[in-house]
Amino acid sequence: MRSGVAGPTLALIVAVGVLVACGVTLLLERSLTRILLGVILLGNGVNLLILLGGRSGAAPVAGTAPTGAMSDALPQAMVLTAIVITFGLTAFLLAVSYRSWYLTGDDEVPDDIEDRQVVRQAERNEVATADLGGEGPDADPEQVDPGPAHRRRARGGDGPG
C-alpha cells in the first residue's frame with residue numbers, strides 16, 4: 001500500500017462476508033420470499049466488495065487534484081450499474097413470488113417429477129440409467145428429431161389454397 005492512503009477497514013470486509021454468506025444461505029431456501037431477500041443481500045454484499053476494490057481519494061474531476069490522488073471512478077460506475085440490475089431482478093422475483101402466492105396460497109417452490117425421481121434413486125443407492133451410445137444418431141430414440149407436426153389449416157382443408 002502507498003503511504004497516506006487508507007485501505008478498507010476490517011469492519012467493511014466483515015460486512016461483505018456477512019452479507020454474501022447470508023445472501024447465499026437464503027438463496028438455497030425453498031421459499032421465494034427468502035430467495036428474494038437472499039438476492040438483495042448478495043447484491044448489496046457484492047456492490048460493497050466492488051467499491052472496496054477501488055482506490056479512495058479526491059473527486060475524479062479533471063483539474064481538482066493530481067491524477068494519482070484521485071479516486072477510481074470505474075468501481076463507482078460498476079456499482080451503479082449493478083444496483084440497477086439488482087433492482088430489476090428484485091422486481092421480477094417479487095412479481096413471481098406474488099403470482100405464486102396468489103395462485104397457490106404459499107410461496108414455496110414445489111418439487112418437480114425429476115427431483116422426486118432423483119431422491120428415490122438416492123434412497124435406493126441406484127445410478128441413473130446411462131446412455132451408452134453406439135447406436136448412431138438415427139437409431140437413438142432420445143436423439144431423433146420427429147420433424148414438424150402436420151398442421152391443418154383453419155378452414156379444415158389439407159391442400160393448398
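This text gives an overview of the structure that appears in the document. (Residues numbered from 1 in each chain as written. Predicted model: local features only at pLDDT ≥ 70, side-chain atom pairs only at ≥ 80, totals over all residues. Heavy atoms only, no water.)

1. Side note on helix α2 (residues 32-53)
In this model, α2 (22 residues) spans 31 Å end to end at C-alpha, consistent with the 32 Å of a helix rising 1.5 Å per residue. Residues of α2 that are buried: Leu32, Ile35, Leu36, Gly38, Val39, Gly43, Gly45 and Asn47. Contacts made by the buried residues of α2 are with α1 (10-27) and α3 (73-104). (Helix = DSSP H or I, 4+ residues; strand = E, 2+ residues; numbered from the N terminus. Expected span 1.5 Å × (residues − 1). Buried < 20%, exposed > 50% of the residue type's maximum accessible area, 1.4 Å probe, protein only. Contact = heavy atoms within 4.5 Å.)

2. Looking at the packing of aromatic side chains
Here the structure, examined in full by the defined rule, presents 2 aromatic pairs. Arranged with centres 6.0 Å apart and planes meeting at 35°, the rings of Tyr98 and Trp101 form a pair that is tilted. Here Trp101 and Tyr98 lie together in helix α3, a separation of 3 residues that amounts to about one turn. Looking at Tyr98, the relative accessible area reads 51%, which means it is exposed. Chaining the aromatic ring pairs together yields one cluster made of Tyr98, Trp101 and Tyr102. (Phe/Tyr/Trp six-rings, centres within 6.5 Å; stacked < 30°, edge-to-face > 60°.)

3. Comments concerning the packing of α2 against α3
Packing of α2 against α3 leaves a shortest axis separation of 10 Å and a crossing angle of 180°. Overall, the two elements α2 and α3 adopt an arrangement that is roughly antiparallel. Considering only residue class, the contact of α2 with α3 consists of 15 nonpolar, 8 polar and no charged. (Axes fitted to C-alpha atoms, helices over the stretch in contact; angles between N-to-C directions. Parallel < 35°, antiparallel > 145°, perpendicular 65-115°, else oblique. Nonpolar A, V, L, I, M, F, W, Y, C, P; charged D, E, K, R; others polar.)

4. Concerning the side chain of Thr90
Tracing the sequence through the fold places Thr90 in helix α3. Residue class for Thr90 comes out buried when judged on its relative accessible area of 16%. The residues touching Thr90, leaving out its near neighbours within four places in the chain, are Leu36, Val39 and Ile40.

5. Let's talk about the side chain of Ser71
Here Ser71 is to be found in the loop between α2 and α3. Leaving out residues up to four positions away in the same chain, Ser71 has contacts with Arg55, Ser56, Gly57, Ala58, Pro60 and Gln76.

6. Points about the environment of Thr90
Separated by 55 residues in the primary sequence, Thr90 and Ile35 place their C-alpha atoms 9.9 Å from one another. A distance of 2.7 Å separates the side chain of Thr90 from the backbone oxygen of Thr86, its partner in a polar contact. (Polar contact = N/O pair within 3.5 Å; in protein donor to acceptor, adjacent residues only side chain to side chain.)

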